[in-house]
Amino acid sequence: MATKNIFSKHLPNVKLATRFDADGNEIQVEKREDEEQKRKEQDIIDTLVGAGYYRAHIHGLSSFDKIVGGMTWCIEACDYDVNVDLLFHENLTIGQKIALTEKIVAVLPRMKCPFLIEPHQIQGLDFINIFPVVQWLVKRSVENRSKKADTLRKLASTQFQNHFTLDSDRELQRLRVKQLAHLKAIESKYLPKRQFKLRKAAGGGWIPVRPKDAPEQEHPDGAPATEGEMEQEEELEDEEEVSLSTEREHNIPIELTDADQSALTKKYDDIKQKLPPQSVEHVSERNRIKTQLALKLALEKKLEHARNECDQLRNTVQEEEQQLQSASDHKESLEEEIRNLDNLEITDDNQKILDHVKELVLKNERMKKQETQFKENCKKELVELQQKIEKAETSDPDEDMVELQRQLDMEQERLKSLRLQLAKKNRSYVAVKRQLDTIPDRTELAQYQRRFLELYNQVSAKHRETKQFYTLYNTLDDTKLYLEKEISLLNSIYENYANAMQTPHSREQFVQQFETIVEGIRATKIKLKKKCDDEKAKRDGLNAQLLCLVEQQRKYAATVKQLTMECQRNEALMQHLKALKTAQTSQTQQP
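Predicted, not measured: the structure shown is a model, and the values here were computed from it. (Residues numbered from 1 in each chain as written. Predicted model: local features only at pLDDT ≥ 70, side-chain atom pairs only at ≥ 80, totals over all residues. Heavy atoms only, no water.)

## Remarks on the overall build of the protein
Counting its secondary structure elements, the protein contains 13 helices and 4 strands. Counting over 591 residues, the protein shows a buried share of 12%. Within the protein, contacts between residues separated by at least 24 positions form 51% of all contacts whose residues are at least 6 apart in sequence. Within the structure as shown, the protein displays about 49100 Å² of accessible surface, and the carbon and sulfur contribution to it stands at 56%. (Helix = DSSP H or I, 4+ residues; strand = E, 2+ residues; numbered from the N terminus. Buried < 20%, exposed > 50% of the residue type's maximum accessible area, 1.4 Å probe, protein only. Contact = heavy atoms within 4.5 Å. Areas by Shrake-Rupley, 256 points an atom, 1.4 Å probe, with all protein chains shown as cover.)

## Examining the packing of aromatic side chains
A complete count under the given rule lists 3 aromatic pairs for this structure. With a centroid separation of 6.1 Å and 70 degrees between ring planes, the pair formed by Y497 and F510 is classed as edge-to-face. Highlighted residues: Y497 in helix α12 (residues 442-500) and F510 in helix α13 (residues 504-589), separated in sequence by 13 residues. The exposure class of F510 is buried, given its relative accessible area of 14%. (Phe/Tyr/Trp six-rings, centres within 6.5 Å; stacked < 30°, edge-to-face > 60°.)

## A closer look at helix α1 (residues 35-51)
Taking 1.5 Å of rise per residue, 17 residues should cover 24 Å, and α1 covers 24 Å from first to last C-alpha, within 8% of that figure. All of the buried residues along α1 are Q37, E41, I44, I45, L48, V49 and A51. The buried residues of α1 all sit within an arc of 165 degrees when viewed along its axis, so they share a single face. Turned more than 90 degrees away from the buried face of α1 sit E35 and G50, all of them exposed. The inward-facing, buried residues of α1 contact α2 (63-77) and α5 (127-163). (Expected span 1.5 Å × (residues − 1). Arc of directions from axis to C-beta.)

## Re the environment of R554
Mapped onto the elements, R554 comes out in helix α13. For R554, the side chain forms a polar contact with the side chain of E551, separated by 2.4 Å. (Polar contact = N/O pair within 3.5 Å; in protein donor to acceptor, adjacent residues only side chain to side chain.)

## Thoughts on the nonpolar core
Within the largest apolar cluster, 32 residues are counted, with the highest numbers of intra-cluster contacts made by I44, L48, M71, I75 and L137. Elements that contribute at least two residues to this core include exactly α1, α2, α3 (94-107) and α5. With near-sequence residues (within four places) excluded, I75 lies in contact with Y80, V82, I104, V107, L108, M111 and L137. (Core = buried A, V, L, I, M, F, W, Y, C linked by side-chain atoms within 4.5 Å.)

## Structural notes on unusual backbone geometry
We note that K112 has phi near 60 degrees; this positive angle belongs to a residue other than glycine. Structurally, the position occupied by K112 is in the loop between α3 and α4 (119-123).

## Comments concerning the packing of α12 against α13
Two numbers describe how α12 lies on α13: the axes approach to 10 Å, and their chain directions differ by 165 degrees. Relative to α13, α12 is oriented roughly antiparallel. Note that α12 runs across α13; the crossing there is left-handed. Across the interface between the two elements, Y482, L489, I493, N496, Y497, N499 and A500 from α12 touch S506, R507, F510, F514, I517, I521 and L528 from α13. Each residue belonging to the contact of α12 with α13 can be placed in one class, and the counts come to 10 nonpolar, 3 polar and 1 charged. (Axes fitted to C-alpha atoms, helices over the stretch in contact; angles between N-to-C directions. Parallel < 35°, antiparallel > 145°, perpendicular 65-115°, else oblique. Left-handed = near helix turned anticlockwise from the far one by under 90°. Nonpolar A, V, L, I, M, F, W, Y, C, P; charged D, E, K, R; others polar.)

## Some remarks on the pattern of salt bridges
If charged atoms from side chains of opposite charge come close, those side chains can pair. A complete count under the given rule lists 9 salt bridges for this structure. The residue E454 makes a salt bridge to R451 at a minimum N-O spacing of 3.6 Å. Of the two residues, E454 and R451 both sit in helix α12, 3 residues apart, roughly one turn of that helix. You can call E454 partly exposed: its relative accessible area is 21%. (Salt bridge = Lys/Arg side-chain N within 4 Å of Asp/Glu carboxyl O.)

## Quick look at the packing of α2 against α5
Where α2 contacts α5, the two axes come as close as 8 Å, and the packing angle between them is 35 degrees. For the element pair α2 and α5, the recorded crossing hand is left-handed. Only F127, I130, V133, V134, L137, V138, S141, N144, R145 and K148 of α5 make contact with α2, whose side of the interface consists of S63, I67, M71, W73, C74, I75 and A77. Residue composition of the contact of α2 with α5, by class: 12 nonpolar, 3 polar and 2 charged.

## Let's talk about the side chain of Q37
The residue Q37 is located in helix α1 in this model. Ignoring anything within four residues of it in the chain, the contact list for Q37 reads L125, D126, F127 and I128.

## Observations concerning the confidence of the model for the protein
As a general rule, the predicted coordinates of low-pLDDT regions are not to be interpreted in detail. Across the protein, the average pLDDT comes to 77, with 77% of residues at or above 70. Element-level pLDDT for the protein is lowest in strand β1 (residues 13-20), with a mean of 42, against a maximum mean of 89 in α13. This stretch, residues 1-24, has a pLDDT under 50; its non-local contacts, to residues over four places away or in other chains, come to 62 contacts. (pLDDT = per-residue confidence, 0-100.)

## Here we look at a nonpolar patch on the surface
Taken together, L445, Y448, F452, L455 and V459 make up a surface patch of nonpolar side chains, about 480 Å² in accessible area. Along the polypeptide, L445 turns up in helix α12. (Patch = residues over 30% accessible without salt bridge, like charges linked within 9 Å, V, L, I, M, F, W, Y side chains within 5 Å.)

See the structure below:
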């Protein structure tokens, strides 16, 4: 892709903005406008108004006043102190504006703002760089205000609960007091009485045992427990002991100490001796049945495992048969294709392919011959090297040293010549690099362009300010001159009025002089009006010329943009054509 031209951006439009001096007279000054800057300015104003800074909606304020006021308002909403007056004065100098913006820029790093901005960018109203900062400040101020609102709401609710109580809460408190009193009375009347406690059994279970201090068990009708029930409880305890010994016989893992295990074994042996022979045979029969059942379960598991393996093998055989069938089908299709190729008539295209194959075969044969020749050359070199080794082994060391010294001198001379050539190349390389470094790249040109634009904006603002001062001075000077003339005229009239009114002849002369003065004033007024009309005509002509230049600039920018697009399209087409040629050559080179 073609690199983007940094100068392809439309130049800013130049318009004449109407300004007024201290006396209300119209002044024509230059003002540069950019559509993107204008759009960003409107976005900034909409963002500030949406955040609650409604002062940015006043049309009579300048853009600098709105932007700086909105940023200061957002910073103070985030609980950061900035020493800036929110009500700014008009017609500030560049130094005052930069000093004002430096205070704002100094606070942004403390707020951990991710965007960087310079004071001259705010003073120069660079809305493109100001917009992300204002957007971040508005977001931060909204979040801080929401946190403040939540904190104040919680504080207000806490203070309300500390000082006030609702009727419903009072009613609930009264009901709660009554309920607690009733519950305490019931608990004190029906206290718990323990009948049994749980003891952990040897097999891992829990056995209920009556504590020593517990009362005797009673029936629901109040009668004490009978002797039969006590004997049943003793039989249950004996059965539990027998089950524990049975678990030990069948190797069931239980957590017992050595003393417990020995006691259980002894007790189990005593029980065995006490039991009759029929009971012992019955227990052994039950053990044999359990063994047979366990063996049966193991065989059933093995049978199920074997069936699963058989099913897996059957599925594998079916998959192999399917693969074999697909391979046979593929083989038949390949054989059919080979037969079709054998029966295919030789056309021009096929003849070209055949010639290409023949060339490749000949090339393969040539490569084989080259391989054999290379092997023979290697063998010859091997023989020569072996001879040199034998010669070196039988030769005199002094002669070898002389020969080696001669070769070393030759190599040193060759090294010196190569170093001289390398030095010449390095000098030429450094000279070319120095020439290339003197040419600025696109990044440097872009930086130069931005700095020139900033300098131009500052010079333009200073020139506009100086021009306003000159215009104000000239206007005040002219006003002073006319006022002095008017005062001198009035003073002369006042001084000569008394003498002129004494005689009729002097009165007529005074009236004639007064009319002459009036005529002179009228002539001066007509002259100034004509000069004003000429200036207005000149202004209209310059406006018409400006409109023509703006139209030409717009056409030029549109033409440059279209030309850039066509160049990019042409370059893309050239790259595509180059890729097609490369693909075609690679296809022709393949056999």
